[in-house]
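Results of the structural survey
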Amino acid sequence: MDLLNTLVDKGLRRETPSREEALAVLATPDDELLDVVAAAGKVRRQWFGRRVKLNYLVNLKSGLCPEDCSYCSQRLGSKAEILKYTWLKPDEASQAAAAGVAGGAKRVCLVASGRGPTDKDVERVAATIDAIKSQNEGVEVCACLGLLSDGQAERLRGAGADAYNHNLNTSEATYGDITTTHTYADRVDTVRKAHTAGLSACSGLIAGMGESDEDLVDVVFGLRELDPDSVPVNFLIPFEGTPLAKEWNLTPQRCLRILAMVRFVCPDVEVRIAGGREVHLRTMQPLALHIANSIFLGDYLTSEGQAGHADLEMIADAGFEVEGTDRVTLPEHRAGGGCGSVCGSGESTGTAGATGAAEATEARTDLVAVRRRGAGTDLAPNA
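No experiment lies behind these values; they were computed from the predicted model shown.

**Structural notes on the overall build of the protein**
Summing up its helical and strand segments, the protein has 14 helices and 10 strands in all. Reported as C-alpha extents along the three principal axes, the dimensions of the protein are approximately 55 × 45 × 40 Å. Scored against the burial criterion, the 383 residues of the protein give a buried share of 60%. When the accessible area of the protein is evaluated, it comes to approximately 14500 Å², of which 49% is carbon and sulfur surface.

**Quick look at the state of the cysteines**
Two cysteines joined by a covalent bond between their sulfur atoms form a disulfide. One pass over the full model with this rule turns up 0 disulfides. Left unpaired, C144 is separated from the closest cysteine sulfur, that of C142, by 6.8 Å. C266 supplies the cysteine sulfur nearest to C255, a cysteine that is in no disulfide, at a spacing of 18 Å. Looking at C255, the relative accessible area reads 0%, which means it is buried.

**Observations concerning the pairing of strand β1 (residues 51–61)**
As a general feature of sheets, a regular strand has side chains that alternate between the two faces. Among the 11 residues in β1, 11 count as buried, and that is most of the element. Here β1 runs beside strand β10 (residues 321–322); their pairing, made up of 2 bridges, is parallel. Across the sheet, R51 pairs through a bridge with E321, a residue of β10. Across 3 bridges, β1 lies against strand β9 (residues 294–296) in parallel orientation. For K53, the partnering residue across the bridge sits in β9 and is S294. Bridge analysis of β1 against strand β2 (residues 107–112) gives 6 bridges, and the strand direction is parallel. Bridge pairing in β2 places N55 opposite R107. Handedness of the crossover joining β1 and β2 through helix α4 (residues 90–102): right-handed.

**Topic: the packing of aromatic side chains**
When we look at a pair of aromatic rings, we describe it by the centre distance and by the angle of the planes. According to the stated counting rule, one finds 2 aromatic pairs in the structure shown. On the numbers, 6.2 Å between centres and 70 degrees between planes, the contact of Y175 with Y184 is edge-to-face. Here Y175 falls in the buried class, since its relative accessible area comes to 2%. Judged by centre distance (6.4 Å) and plane angle (80 degrees), the rings of F296 and Y300 are edge-to-face. With relative accessibility at 7%, the residue Y300 sits in the buried group. Against the face of F320 rests R50, its NZ or CZ located 4.5 Å from the ring centre.

**Examining helix α1 (residues 2–12)**
Turning to α1, its buried residues are L3, L4, L7, V8, K10 and G11. For α1, the angular spread of the buried residues around the axis is 165 degrees, confining them to a single face. Looking one or two residues beyond α1, the residue adopting positive phi is R14, at roughly 60 degrees.

**Quick notes on unusual backbone geometry**
Non-glycine residue N169 carries a positive phi angle of around 75 degrees. With respect to the helices and strands, N169 occurs in the loop between β4 (163–165) and α7 (175–178). With relative accessibility at 4%, the residue N169 sits in the buried group. For R282, which is not glycine, the phi dihedral falls at a positive 50 degrees. Within the secondary structure, R282 sits in the loop between α11 (277–280) and α12 (285–288). Exposure remark for R282: the relative accessible area of 27% places this residue in the partly exposed category.

**So, the side chain of S230**
Looking at where S230 falls in the secondary structure, it is placed in strand β7 (residues 230–235). Residue classification places S230 among the buried positions, given a relative accessible area of 1%. Those residues within four positions of S230 in sequence are excluded, and the remaining contacts are R107, A201, C202, S203, V269, E270 and R272.

**A few points about the pattern of salt bridges**
Scanning the model with the defined rule gives 24 salt bridges in all. Between K10 and E21 there is a salt bridge, with its nearest N and O atoms 3.0 Å apart. Note that K10 is positioned in helix α1 and E21 in helix α2 (residues 19–26), a separation of 11 residues in sequence. Look at E21 and you get buried, because its relative accessible area is 15%. The salt bridge partner of E67 is R115, with a shortest N-O separation of 3.2 Å. Residue E67 is found in the loop between β1 and α4, and its partner R115 is found in the loop between β2 and α5 (119–135); the two are separated by 48 residues along the sequence.

So, how was this worked out
Residues numbered from 1 in each chain as written. Predicted model: local features only at pLDDT ≥ 70, side-chain atom pairs only at ≥ 80, totals over all residues. Heavy atoms only, no water. Helix = DSSP H or I, 4+ residues; strand = E, 2+ residues; numbered from the N terminus. Buried < 20%, exposed > 50% of the residue type's maximum accessible area, 1.4 Å probe, protein only. Areas by Shrake-Rupley, 256 points an atom, 1.4 Å probe, with all protein chains shown as cover. Disulfide = S-S within 2.5 Å. Pairing = 2+ DSSP bridges. Right-handed = clockwise from strand over helix to strand, strands pointing away. Phe/Tyr/Trp six-rings, centres within 6.5 Å; stacked < 30°, edge-to-face > 60°. Lys NZ or Arg CZ within 6 Å of the ring centre and 35° of its normal. Arc of directions from axis to C-beta. Contact = heavy atoms within 4.5 Å. Salt bridge = Lys/Arg side-chain N within 4 Å of Asp/Glu carboxyl O.

Below, the structure written as structure tokens:
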């Protein structure tokens with residue numbers, strides 16, 4: 001297939017595909033899906049071999065957020081029956097992180113709900129980072145605390161944070177349809193603050209919110225322009241009690257095409273399969289490992305993931321290996337600083353919602369399990 005051969009050649013040279021080529025990936029038929037996965041896999045193996053990086057989430061503060069992001073179970077006005085608690089103490093967070101590290105996680109992601117941290121919150125997280133790093137040699141720590149004010153990224157970097165996550169989530173054109181309490185530009189500004197402070201920037205998207213193919217391509221090209229080192233690809237978890245509870249637009253096949261498009265546009269970047277992989281990829285998760293080189297281990301912020309041992313078995317059975325702390329994740333040309341250099345320099349007109357609705361068979365609400373264990377509870381975490 002000429003399209004895929006072209007995309008592989010560009011990916012191996014770290015060249016940007018055209019928007020038309022990216023759109024064409026999303027429009028490929030199911031009969032060609034394995035060809036798409038195989039092509040994206042060639043690019044993935046060029047830059048990351050057969051390694052899979054494991055990341056572990058610790059929800060430092062759950063629920064009670066003043067922002068109105070429609071996709072989020074922690075949003076203002078959410079009726080989702082999630083765990084709600086205020087800040088974990090540093091030793092509690094360190095204990096939660098240790099479970100993920102013991103399960104094979106190389107990076108611990110510290111997340112707190114809210115618009116953004118106060119300076120006191122930054123100091124609290126700094127103490128947590130110190131507690132985690134003093135007890136877990138070689139672990140990476142990524143903070144995800146919302147919108148950053150001037151100087152906060154530098155303070156986090158000084159406290160030992162390796163990375164900062166702040167997702168763009170969707171295209172600039174449709175951002176106002178998803179969130180009204182802050183803007184797309186606010187998110188871009190925070191990613192740039194992390195970049196400037198020397199933190200490894202982590203920024204991704206959420207697919208399945210009713211966006212068009214053009215929106216997906218727009219946000220991925222927007223991410224490429226920001227040049228994060230890692231791009232988490234989330235698939236909407238339609239929580240009951242949130243505005244997007246009825247948005248069951250994704251199929252496993254569409255999820256694979258989205259991941260492949262991200263890989264072709266960002267060939268040498270850590271592409272992470274994030275929230276919703278169990279819900280939407282289901283039994284096709286192992287195929288996704290041929291495209292992405294990073295996953296979250298165990299549970300998410302407010303929902304449960306598959307058992308940690310099942311993640312490890314899936315990786316081994318698919319012929320991949322867990323990346324150890326002795327390996328540098330990024331290719332050499334990107335690994336010199338906090339954030340690497342820019343990679344170098346078909347058709348679809350329907351919306352993702354319409355496409356997904358035509359393909360989806362049913363809303364799998366049985367696959368959405370609210371987290372009731374780990375951080376913020378007395379029960380052992382899933383790792």
